[in-house]
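Overview (structure and organization)
If you want the building blocks of each chain, they are given just below.
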Amino acid sequence: MSRRDNAGTVCSLKIVTLLVALSPELLFLGAGVQLQDNGYDGLLIAINPQVPEDQNLIPNIKEMMTEASFYLFNATKRRVSFRNIKILIPATWKANNYSKVKQESYEKANVIVTDWHGAHGGDPYTLQHRGCGKEGKHIYFTPDFLLNEDLIAGYGSRGRVFVHEWAHLRWGVFDEYNNEKPFYINGQNQIKVTRCSSDITGMFVCEKGPCPQENCIISKLFQEGCTFIYNSTQNATASIMFMQSLSSVVEFCNASTHNQEAPNLHNQLCSLRSTWDVISGSADFRGSSPVSGAELPPPPTFSLLQPGAKVVCLVLDVSSNMAEADRLLRLQQAAEFYLMQIVEIHTFVGIVSFNSKGEIRAQLQQVNDDDDRKLLASYLPATVSAEAETSICSGLKRGFEVAEKLNGKAYGSVMILVTSGNDGHFSNCLLTVLSSGSTVHTIALGSSADKNLEEFSHLTGGLKFFVPDKSNSNSMIDAFGRISSGTGDVFQQRVQLESMGGNVKPHRQLKSTVAVDNGVGNDTAFLVAWQTSGPPEIVLWDPSGRQYHTHNFTVNQALRTARLWIPGTAKPGLWTYMLNNTHHSLQALKVTVTSRASRSAQPPATVEAFVEKDSTSFPHPMVIYANVRKGFNPILNATVTATIEPETEDPVTLKLFDNGAGADVIKNDGIYSRYFFSFAVNGRYSLKVHINHSPSISALGHSIPGSHAMYVPGYITNGNIQMNAARRSMGRSEEEQKGGFSRISSGGSFSVLGVPAGPHPDVFPPCQIIDLAAVKVDEEVTLSWTAPGEDFDQGQANSYEIRMSKSLQDIRDDFNNAILVNTTKLNPQQAGTKEIFTFSPKLFISGPEHQPDGETQESHRIYVAIRTIDKNSLKSAVSNVAQASLFIPPNSAPVLTRDDLILKGVLTAMGLIGIICLTITVTHYILNKKKRADRKENGTKLL
């Protein structure tokens, strides 16, 4: 680690220590949910602005959370409960003496209440983008779930449902049921329901009432119209991650109740560990002990918050550092872009500049029309000072003064802090910043920017960006384009469709296309920026062939920008632009295109780019994510490319995938991800994600895969079947995404430490396989999985090590001593490729197996796992364990997944075709032989 890295780390530790010593409660203002003394503080529930005001919604949320707190306390063996909860009321609702928002915003919420839902019919669900034991992103509830009392019969009480989802979000556990594979065959060749624990009882129910199990198993498949209904009265106390709706269920599955054989997502992703094992190993539980005594904790307290007027202040560095690498010009271009295109109407905006002291350039001005925007842009700093000294604290204090002019407090305001300087007195104003109630977004400009600048963002919940000193980089404009009001109202926010930059040689062109889809088109603007000389020659073609030229653009010679507003709604389709460098020297040319939703009822496609954590150290990789959705429906089959720019060196591009393999946890959930480990240097890295979608590919997912609360179809009470109302599928109010589209999103920045100088040693093993599946076809077992890479999920590995066992416990706990399968003919393919391998288990397993009960009987099931090895003998973690039944029960068979059915169908069809061909050949041969015999016989008669 370099001296500079060490200094930055030491300074960060000093800052945190100082905050805790002076005012520990301030440390948690912008830091999200915190656990202190067995109670969670700071849980934020936000209601989407599109949700209509309803007088019952807030009381029902309070009732849900109060019940959830007590249920959670008992389920965690008296360890945790909810102490205080914030509910963020939309600004669209009537004011009702709600408290003022400080650093809370819709985008920071842990729980979101929204009307947009998928084809699950509005199931409560949690977006989990990371693996087992890691926090998820948000919990989602619909107003229908929170208001419709009829749904309680199917889901159970709302408090119980919340605890089910909280376990997903906070502790990274997964569902223990499986709608895709509701039944499986166990090691004793019995058909079992996918559940945890196995002690939960019930019966099979056909369309006309109760029926024996064999009536539901026809032609080796589960009969449509049959289901398994549970008894309403149970003795089983687990598990909350299976059926929280049962009154007897009050705890999570532990080692004694966990069903390791069940083919569910939790077993697949958590290496067969019980839910309680994962939860009790979390940071929440490692640092806490049960509450003593028999008393219950007090019910949680609630704070109702509502945003006031939107207030933004630009806090801009004008020290002499800004004269380097055209920093001031690029700042002016990006700030003007923000003021003219990004900041939402009715927002109050002020401008402050600073060097060794701060200066107010513009007091708050409300943005109501374009004239207001132009006036604010005129106050942007035009020159840099001669002073090299940078006082970030002076600039922020002036920013707070500006914000306080509206209501006497800076509560709920936003500071956009841009600096290239280094402030040795950085920590002097941290407490002031935290107590201000303002959110600070930071933009570090160049490698000289203060190494601890991001502390302001981290402690106030703001975004953080890094802009490298590269004239053709659009990172500054992309950063300003990402900063929205945080209200969650996508109909008011601008969507960035294009961000392109390049160094163009004299008399050469920068030419490309941008797709304008039918979800956007209002207020569409094309912005062209350049660094030297006059404007390039601009030609823009709309989808019908109409041309716009340089004289159609509004040119700002001082800022070296040209802007074109498309009147009305821009035509959907491909727009083509060409920038021709007519000068005799190299020009850095950049294009940015933004638009807004074309219809008030249909949300546009959006992308949110982000990273797993703020920083990493070599050789640990960074995981990059892109959340691609329309409303809350995942968009599938998109081409998602991440561009990562270090402080120096060239940018790296990386394609992201939503394939349920490698860094991607769940397939087709709209979260595209990938490992990034191509670290060139220490320092900051900037992230941008570009989405392209072909018009010929289906876009919207018909469901949202992942973690949902189960809706129970009915119960058996006193021997009588009582069915709940069928869960109506709300479907998708959105139309299918028919045309192609493009989107751009800045993903902020992250830091990397400990990168060695010179060539890197190979320290990156292949990533773990998490989607191994097995299906028995005749006397063989066919395995399928997604190929990992030589390094994590990139490249091509060297070999596979496949092992199998008749004992699930043995292969999980002692993979190295399980039976080795011959894979000499199996060569790994390129990462991301689907692998298929077939073998005969009878060649490896024979004879009886000793059972735990002391009896000797033959096991009817095998368990298989894989490990990947690279060319330097680095090994991946062992994969998830796949299961296959060796024998089929009389009149029955395992329920296959869709992929299994397709694979089996193809193999069966090939077999039938072979039989038909053989039959035709034999028949043809017999008929020909008969004809020859007849001719011979007729000839004999004639003689």
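Residues numbered from 1 in each chain as written. Predicted model: local features only at pLDDT ≥ 70, side-chain atom pairs only at ≥ 80, totals over all residues. Heavy atoms only, no water.

1. Some points on the packing of aromatic side chains
Scanning all chains against the criterion turns up 35 aromatic pairs. The interplanar angle of 35 degrees and the centroid separation of 5.6 Å between the aromatic rings of phenylalanine 526 and tryptophan 575 together place this pair among those described as tilted. Of the two residues, phenylalanine 526 sits in strand 26 (residues 520–530) while tryptophan 575 sits in strand 31 (residues 573–580), which places them 49 residues apart along the sequence. The burial state of phenylalanine 526 is the same as that of tryptophan 575; both residues are buried. An angle of 90 degrees between the planes, with centres 5.2 Å apart, marks the rings of tryptophan 785 and tyrosine 800 as edge-to-face. Taken together, the residues span a long stretch of sequence, with tryptophan 785 in strand 46 (residues 780–786) and tyrosine 800 in strand 47 (residues 799–805) at a distance of 15 residues. Given a relative accessible area of 0%, tryptophan 785 falls into the buried group. (Phe/Tyr/Trp six-rings, centres within 6.5 Å; stacked < 30°, edge-to-face > 60°. Helix = DSSP H or I, 4+ residues; strand = E, 2+ residues; numbered from the N terminus. Buried < 20%, exposed > 50% of the residue type's maximum accessible area, 1.4 Å probe, protein only.)

2. What to know about the pairing of strand 3 (residues 43–47)
With respect to burial, strand 3 is a largely interior element, 5 of its 5 residues being buried. The side-chain alternation of strand 3 yields two buried faces, one formed by Leu43, Ile45 and Ile47 and the other by Leu44 and Ala46. Here strand 3 runs beside strand 5 (residues 84–88); their pairing, made up of 4 bridges, is parallel. The residue of strand 5 that forms the bridge with isoleucine 45 is isoleucine 87. Strand direction decides the pairing type here: strand 3 and strand 7 (residues 111–113), joined by 3 bridges, are parallel. Looking across to strand 7, one finds that isoleucine 47 is bridged to valine 113. (Pairing = 2+ DSSP bridges.)

3. Thoughts on the state of the cysteines
For the coordinates displayed, the defined rule picks out 3 disulfides. Each disulfide pairs two cysteine sulfurs, and for cysteine 196 the partner residue is cysteine 253, the sulfurs being separated by 2.4 Å. An S-S torsion of about -125 degrees defines the bridge between cysteine 196 and cysteine 253 as left-handed. One end of the pair, cysteine 196, is in the loop between strand 11 (191–193) and strand 12 (202–206); the other, cysteine 253, is in the loop between strand 16 (227–231) and helix 6 (265–269), with 57 residues separating them in the sequence. Across the pair, exposure class does not vary: cysteine 196 and cysteine 253 are buried alike. Each sulfur of the disulfide joining cysteine 393 and cysteine 429 lies 2.2 Å from the other. Disulfide cysteine 393-cysteine 429: the torsion about the S-S bond is -75 degrees, which places it as left-handed. Residue cysteine 393 is located in helix 11 (residues 392–407), and its partner cysteine 429 is located in the loop between strand 21 (414–419) and helix 12 (430–435); the two are separated by 36 residues in the primary sequence. (Disulfide = S-S within 2.5 Å.)

4. Some remarks on the sheet that holds strand 32 (residues 587–597)
Reading across the sheet, the 5 strands line up as 24-32-26-30-29 and stay open at both edges, with antiparallel pairing between neighbours. Edge strands, defined here as strands with exactly one partner in the open sheet, are strand 24 (495–504) and strand 29 (554–556). Direction aside, the axes of adjacent strands within the sheet are offset by 15 degrees on average. In terms of strand pairing, strand 29 meets strand 30 (residues 561–565) through 3 bridges, oriented antiparallel. Within strand 30, the residue paired with asparagine 556 across the bridge is threonine 561. (Axes fitted to C-alpha atoms, helices over the stretch in contact; angles between N-to-C directions.)

5. Digging into the side chain of arginine 160
Summarising the element assignment, arginine 160 is placed in helix 5 (residues 158–171). Here arginine 160 is buried and forms no salt bridge, its nearest opposite-charge partner glutamate 67 lying at an N-O distance of 4.8 Å. At 2.9 Å, the side chain of arginine 160 forms a polar contact with the backbone oxygen of valine 249. If sequence neighbours within four positions are ignored, arginine 160 has contacts with Glu67, Tyr71, Gln244, Leu246, Ser247, Val249 and Val250. (Lys, Arg positive; Asp, Glu negative; His and termini not counted. Salt bridge = Lys/Arg side-chain N within 4 Å of Asp/Glu carboxyl O. Polar contact = N/O pair within 3.5 Å; in protein donor to acceptor, adjacent residues only side chain to side chain. Contact = heavy atoms within 4.5 Å.)

6. A few points about the side chain of glutamine 883
Mapped onto the fold, glutamine 883 is located in strand 53 (residues 882–885). Accessibility expressed as a relative area gives 12% for glutamine 883, which makes it buried. The residues contacting glutamine 883, other than those within four sequence positions of it, are Gln260, Glu261, Ala774, Arg861, Ile862 and Tyr863.

7. Here's the deal with the nonpolar core
By size, the foremost hydrophobic cluster in this structure holds 71 residues, and its most contacted members are Ile47, Phe82, Phe162, Trp166, Trp171 and Phe252. Counting residues per element, this core draws most heavily on helix 2 (residues 57–75), which supplies 9 residues. In this structure, isoleucine 47 is in contact with Leu57, Ile58, Ile61, Ile87, Leu88, Ile89, Pro90, Trp93, Tyr106 and Val113, ignoring residues within four places of it in sequence. Residues Leu305, Val607, Phe610 and Phe679 belong to the second largest nonpolar core, which totals 52 residues. (Core = buried A, V, L, I, M, F, W, Y, C linked by side-chain atoms within 4.5 Å.)

8. A look at the sheet that holds strand 31
Across the sheet, 4 strands lie side by side as 25-31-27-28; this open sheet has antiparallel pairing. Because the sheet does not close on itself, it has two edges, and the strands there are strand 25 (509–516) and strand 28 (547–549). The mean inter-strand angle of the sheet, taken between neighbouring strand axes irrespective of direction, is 15 degrees. Where strand 27 (residues 537–541) and strand 28 come together, 3 bridges link them in antiparallel fashion. Within strand 28, the position partnered with tryptophan 541 by the bridge is glutamine 547.

9. Some remarks on the pattern of salt bridges
Going through the model one piece at a time under the given rule, you end up with 28 salt bridges. Among the salt bridges present, the one from arginine 327 reaches aspartate 469, with a minimum N-O distance of 2.6 Å. Taken together, the residues arginine 327 in helix 9 (residues 327–342) and aspartate 469 in the loop between strand 23 (464–467) and helix 14 (475–482) connect sequence positions 142 residues apart. You can call arginine 327 buried: its relative accessible area is 3%.

10. A short note on the confidence of the model for the protein chain
Put simply, the protein chain has an average pLDDT of 87, and 84% of its residues get 70 or more. Low confidence marks residues 19–30, where pLDDT is under 50. Its contacts with residues over four positions away, or in another chain, come to 23 contacts. (pLDDT = per-residue confidence, 0-100.)

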